[in-house]
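Now for the letters of each chain:
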Amino acid sequence: MSREFNELLPESLGHQAQIWIVGTREQVNHIISEMYVRQMIADRSQFSPMVPVPFAQGKFMSVLLR
């Protein structure tokens, strides 16, 4: 992972488990909403803000830090 991308994340990754969602903006939003509806997460704010993926043009990502 590049240093520039690490700076976009709100927290240091440290030793926390992570779930990365990569896809189109609509796909990422849908998966986050589905995880909320299925009560896999308590709040959508547990995900980092959606950012463009540095390694795939036109794709976005969000990271769930647990």
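Above this text is the structure in question.
Owing to the predicted nature of the structure, the values given are computational and were not obtained by experimental measurement.

Visitor: Could you clarify how one ought to interpret a nonpolar patch on the surface in this entry?
Guide: On the surface, W20, V22 and F55 cluster together into a nonpolar patch covering about 310 Å² of accessible area. Secondary-structure assignment places W20 in strand β1 (residues 18–23).

Visitor: I tried to follow the packing of aromatic side chains on my own but got confused; where do I start?
Guide: In this description, a pair of aromatic rings is defined by centroid distance and the angle of the planes. Enumeration according to the criterion identifies zero aromatic pairs in this entry. Seen from the ring of F60, R25 lies directly overhead, with NZ or CZ sitting 4.2 Å from the centre.

Visitor: When you look at the pattern of salt bridges in this model, what are you seeing that I'm missing?
Guide: Two side chains carrying opposite charge are able to pair once their charged atoms lie near each other. On inspection of all chains with the given rule, the structure shows one salt bridge. Two residues, E34 and R38, come together in a salt bridge whose shortest N-O distance is 3.1 Å.

Calculation rules
Per chain, residue numbering runs from 1 following the sequence as it is written. Local features are withheld for residues below a pLDDT of 70 in this predicted model, meaning they are given only at 70 or higher, and side-chain atom pairs are given and counted only at 80 or more; totals for whole chains, interfaces and linings count all residues. Here the side-chain values reflect all heavy atoms present in the structure, with hydrogen atoms and water set aside. Every patch collects residues that have over 30% relative accessible area and no salt bridge, joining them within 9 Å if they carry like charges and within 5 Å if they are nonpolar side chains (Val, Leu, Ile, Met, Phe, Trp, Tyr). In these tables, accessible area is a Shrake-Rupley quantity obtained with a 1.4 Å probe, and a residue counts as shielded only by the protein chains included in the view. The salt bridge definition used is simple: a Lys or Arg side-chain nitrogen within 4 Å of an Asp or Glu carboxyl oxygen. A run of H or I in DSSP becomes a helix once it reaches four residues, and a run of E becomes a strand once it reaches two; helices and strands are each numbered from the N terminus. To pair, rings of Phe, Tyr and Trp, with the six-membered ring standing in for Trp, must have centres within 6.5 Å; the planes then decide the type, stacked if under 30 degrees apart, edge-to-face if over 60, and tilted in the middle. Here, a charge over a ring means that NZ of Lys or CZ of Arg falls within 6 Å of the ring centre while also lying within 35 degrees of the ring normal.

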